[in-house]
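Per-entry structural report
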Amino acid sequence: MTADASLPLAREPRPWFLTSPPHPVRGAIAREQLLRQVDAATSTCEVSLVVAPAGFGKTVMLSAWVACQPQSRAWLTLTRHDLGDEGMLLAGVLSALQRLPVQGAPTPAYHGDGEGTRALIGRISELVMAWPTDVVLVVDDAHHAGPRFVEQVVGVLAPLTEGKLRFVLCGQVELTSWFAGAIAAQEVAVIGADGLAFTSQELLTQVADVDPFVEPHAVEALIAATGGWPIAVQLHRLTKDLPPAVGSPDWLLTDYVTTNVLGRLDPEISEFIVSTSVCSRLSPALARTLSGADDAEALLEACVARGLFLTWTHDGDGTKVYRWHEEFAARCRDYLARTDGARFAKLDVAAARYLAARFPAEAVFNALRADKPKLAAQIIQSSWVKVIIESGAATLNAQCHKLQQYANAYPELLLVRACCLNQMGDEVGGELAANQAARLGGHEESFQMTSAFAGLFLANSHAELAAAVDAASGFLEHGGVPAAMYPYCLFLLGWAELRLRRYTQRAVRFLETALRVARTANLP
């Protein structure tokens, strides 16, 4: 498909739990001095960085900061699937800003209606400029966006809104390299690991509230042993044993978590944590699938109540979505991989199958980690049209690339990758992938169906597009399209038929049916 007739991609609004800060952690140590540092940074700089390795309490501290003034502070969490996708990032920013409490006339809600990046930038600018105060957007796990985030999003929106929209980017230390010049010119504020580490006085004040007889030398010993690393301090409060210091090898922290945390819990809770930590973010239903526990939601709440590195927020329908602290979950996964790799793979497969319909990109990640290429290929084949229409071409392309050694067995993946590359603007790469698929493909129905719908993306002429529409329509009529892709395939056909301008009423029927099916399935 030529670039001048590109598909109007549906920039899907971010799920509720990615545009809401985590619920305050029970028993968390107050960081008043740090909150004042963030206040000072955002008042003087358009961009502030909060950067440190995992376990320094960045997310907990910033969620508390947002809660202090929620009417002008928005939240956006990025995932590994956001790398380099300008449209997805801008859609995320807009979704996050529209979660701010309405003041005055409400801004029309964003429903992922196929806007291009220019329109998204315009809507963000309009919203910010109409807001009665400056707005600060906290972007958690910002390192997932990649360095182009600075140019494509921050570098455009900050000057366009005349400084009314400010950013706090939270993540790994690589963020500082993206702003090296601006940091040197003191145009970007940085709060790093040294600032995030607990001080003796800070910790002494908090511990004294619980134990008025605490000895200052005991606090000094804890700070000396841990370097003030917040996750280590929290582990000490949980276990009363000295944990490894910041910078310790991963295996040492894994051993500590295994022995001093998991080993001291009731076996039911311990097994539940290990099983569910396969997914960093999960719903009660997913936790039930992974653990087999009928009381999964109660067990999740028990983990939250005990301070076991689990936070939560609400999804759009009121369902709680839970998130393990990534460092803690990584240690649990490491323990599981060491002791029972087969069980780890089995849990990954269960997660992949559960997530496939709604979150196929995450599902493919789990399938690949379990070394199940057939399952990963099946998930892609049953969801690829949905993923591309929802602006996931870059992520899908990367996942197909990881499966390229299986091209002979699954030539459909080459067609999918051709569509991704085409949507990403690499028409030559797309043509090469499509030609390779044609050489390897056969007469199997799955390949023929993928080829038919791929033609809607790749057609370079009116005749090619007409032939692709007719072929794809046949698969819809005979029920060969996977249920998860059905409304998206209807939308794609309706859009293509409109382009052809031959059967306008047929195109409208396709689009109306797609909308009706999507609403029935409660799709965004």
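From a predicted model like this one, the values you see are computed outputs, not experimental measurements. (Residues numbered from 1 in each chain as written. Predicted model: local features only at pLDDT ≥ 70, side-chain atom pairs only at ≥ 80, totals over all residues. Heavy atoms only, no water.)

**Points about the overall build of the protein chain**
Of the regular secondary structure elements, the protein chain holds 27 helices and 8 strands. Within the structure as shown, the protein chain displays about 23200 Å² of accessible surface, and the carbon and sulfur contribution to it stands at 54%. (Helix = DSSP H or I, 4+ residues; strand = E, 2+ residues; numbered from the N terminus. Areas by Shrake-Rupley, 256 points an atom, 1.4 Å probe, with all protein chains shown as cover.)

**Description of the pattern of salt bridges**
All chains considered together, the criterion is met by 18 salt bridges. Here Arg73 ties to Asp39 by a salt bridge, and the two come within 3.2 Å at their closest N and O atoms. With Arg73 in strand S2 (residues 73-77) and Asp39 in helix H1 (residues 32-44), this residue pair connects regions lying 34 residues apart in the sequence. Look at Asp39 and you get partly exposed, because its relative accessible area is 33%. Residue Glu497 pairs with Arg506 through a salt bridge whose shortest N-O separation is 3.0 Å. With relative accessibility at 0%, the residue Glu497 sits in the buried group. Via salt bridges that share partners, Asp250, Asp255, Glu327, Arg331, Asp334 and Arg338 belong to a single interconnected network. (Salt bridge = Lys/Arg side-chain N within 4 Å of Asp/Glu carboxyl O. Buried < 20%, exposed > 50% of the residue type's maximum accessible area, 1.4 Å probe, protein only.)

**Remarks on the nonpolar core**
Counting 119 residues, the largest nonpolar core has Leu62, Ile273, Ile380, Trp384, Leu396, Phe453 and Leu456 as the members making the most contacts within it. What Leu396 contacts, discounting residues up to four positions off in sequence, is Ile380, Trp384, Val387, Ile388, Val416 and Cys420. Core analysis: the second largest hydrophobic core is formed by 38 residues, Val51, Leu76, Phe167 and Trp178 among them. (Core = buried A, V, L, I, M, F, W, Y, C linked by side-chain atoms within 4.5 Å. Contact = heavy atoms within 4.5 Å.)

**Focus on the packing of aromatic side chains**
Note on aromatic pairs: each is described by the distance of the centres and the angle between the planes. Throughout the structure, instances matching the rule amount to 3 aromatic pairs. Between the aromatic rings of Trp384 and Phe457, the centroid separation amounts to 5.8 Å while the plane-to-plane angle is 45°, which identifies the pairing as tilted. Taken as a pair, Trp384 in helix H20 (residues 384-389) and Phe457 in helix H24 (residues 445-458) lie far apart in primary sequence, 73 residues in all. Take Trp384: its relative accessible area is 1%, and that puts it in the buried class. The ring of Trp65 has Arg73 sitting right over it, with the charged end atom 3.7 Å from the ring centre. One residue, Lys320, lies across the ring of Trp312, its end atom 4.0 Å from the ring centre. (Phe/Tyr/Trp six-rings, centres within 6.5 Å; stacked < 30°, edge-to-face > 60°. Lys NZ or Arg CZ within 6 Å of the ring centre and 35° of its normal.)

**Considerations on the sheet that holds strand S1 (residues 47-51)**
Spatial ordering of the open sheet is given by S2-S3-S4-S1-S5, a layout of 5 strands whose pairing is parallel. On the outer flanks of this sheet lie S2 and strand S5 (188-191), each paired with one strand and no other. With strand direction ignored, the average angle separating the axes of adjacent strands in the sheet is 20°. The pairing of S2 with strand S3 (residues 135-140) spans 5 bridges and is parallel. Directly across from Trp75, in S3, lies its bridge partner Val138. Its contacts with the sheet put helix H3 (residues 86-97) on S2, S3 and strand S4 (165-171), and the angle it makes with S2 is roughly 140°. (Pairing = 2+ DSSP bridges. Axes fitted to C-alpha atoms, helices over the stretch in contact; angles between N-to-C directions.)

**Quick word on the sheet that holds strand S8 (residues 320-324)**
The 3 strands are arranged S6-S8-S7 in an open sheet whose pairing can be described as antiparallel. Two strands bound the open sheet, and with one partner strand each, they are strand S6 (281-282) and strand S7 (310-314). Judged from the 2 bridges that link them, S6 and S8 form a sheet pairing that is antiparallel. From the neighbouring strand, Arg281 faces S8, where its bridge partner is Arg323.

**Considering the state of the cysteines**
Applying the stated criterion across every chain yields a total of 0 disulfides. For the unlinked cysteine Cys332, the closest cysteine sulfur is that of Cys303, found at 9.6 Å. With relative accessibility at 0%, the residue Cys332 sits in the buried group. (Disulfide = S-S within 2.5 Å.)

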